[in-house]
Amino acid sequence: MLTFFSRYFCYYHIGDIMKVKVFDESHEKDLEESVNNFISEVEVIDIKYQVAVSIFAEEQIFCFSAMIIYKG
């Protein structure tokens, strides 16, 4: 019975109110500004952050991204 209750609660109650927003910027300050503006308006559950680096010719290309999980 407990397993059924926990599955029901997680899938139907928590899952229905979670939303995801993804930000992708080429500079960390731009990402910081975008994320700060967004989280001031919502109730945040979690934030995942990632940096990717690639090299094109002799230029390094950075990609700063964040995924925000919030209550909707």
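In this text the structure is predicted, and so the values were computed from the model without any measurement. (Residues numbered from 1 in each chain as written. Predicted model: local features only at pLDDT ≥ 70, side-chain atom pairs only at ≥ 80, totals over all residues. Heavy atoms only, no water.)

**Some details on the sheet that holds strand β3 (residues 59-71)**
Move 1: If you trace the three strands from one edge of the open sheet to the other, you get β1-β3-β2, paired in antiparallel fashion. The open sheet has two edge strands, β1 (18-25) and β2 (43-56), and neither has a second partner. Neighbour to neighbour, the strand axes of the sheet diverge by 15 degrees on average, direction disregarded.
Move 2: Against the sheet, helix α2 (residues 28-39) makes contact with β1, β2 and β3, and its axis sits at roughly 10 degrees relative to β3, the strand it touches most. (Pairing = 2+ DSSP bridges. Helix = DSSP H or I, 4+ residues; strand = E, 2+ residues; numbered from the N terminus. Axes fitted to C-alpha atoms, helices over the stretch in contact; angles between N-to-C directions. Contact = heavy atoms within 4.5 Å.)

**Points about α2**
Move 1: End to end, α2 covers 16 Å across twelve residues, agreeing with the expected 16 Å (1.5 Å per residue, within 8%).
Move 2: Among the residues of α2, L31, S34, V35 and F38 are the ones counted as buried. Angular distribution of buried residues about the axis of α2 spans 95 degrees; they occupy a single face of the element. Within α2, the exposed residues directed more than 90 degrees away from the buried face are K29 and E33.
Move 3: Elements in contact with the buried residues of α2: β1, β2 and β3. (Expected span 1.5 Å × (residues − 1). Buried < 20%, exposed > 50% of the residue type's maximum accessible area, 1.4 Å probe, protein only. Arc of directions from axis to C-beta.)

**Concerning the nonpolar core**
Move 1: Grouped together as the largest cluster of nonpolar side chains are eight residues: F23, L31, V35, F38, F64, A66, I68 and Y70.
Move 2: Broken down by element, the residue count for this core peaks at four residues, all from β3. (Core = buried A, V, L, I, M, F, W, Y, C linked by side-chain atoms within 4.5 Å.)

**A few points about the side chain of S65**
Move 1: Tracing the sequence through the fold places S65 in strand β3.
Move 2: For S65, a relative accessible area of 19% puts it in the buried group.

**Some words on the pattern of salt bridges**
Move 1: Across all of its chains, the model carries three salt bridges by this definition.
Move 2: The shortest N-O distance in the salt bridge between K29 and E32 comes to 3.5 Å. Taken together, the residues span about one helical turn, with K29 and E32 both in helix α2 at a distance of three residues.
Move 3: Given the relative accessible area of 42%, E32 is considered partly exposed.
Move 4: Note that K71 and E43 form a salt bridge whose closest N and O atoms lie 3.5 Å from each other. Taken as a pair, K71 in strand β3 and E43 in strand β2 lie far apart in primary sequence, 28 residues in all.
Move 5: Assessed through its relative accessible area of 49%, E43 is described here as partly exposed. (Salt bridge = Lys/Arg side-chain N within 4 Å of Asp/Glu carboxyl O.)

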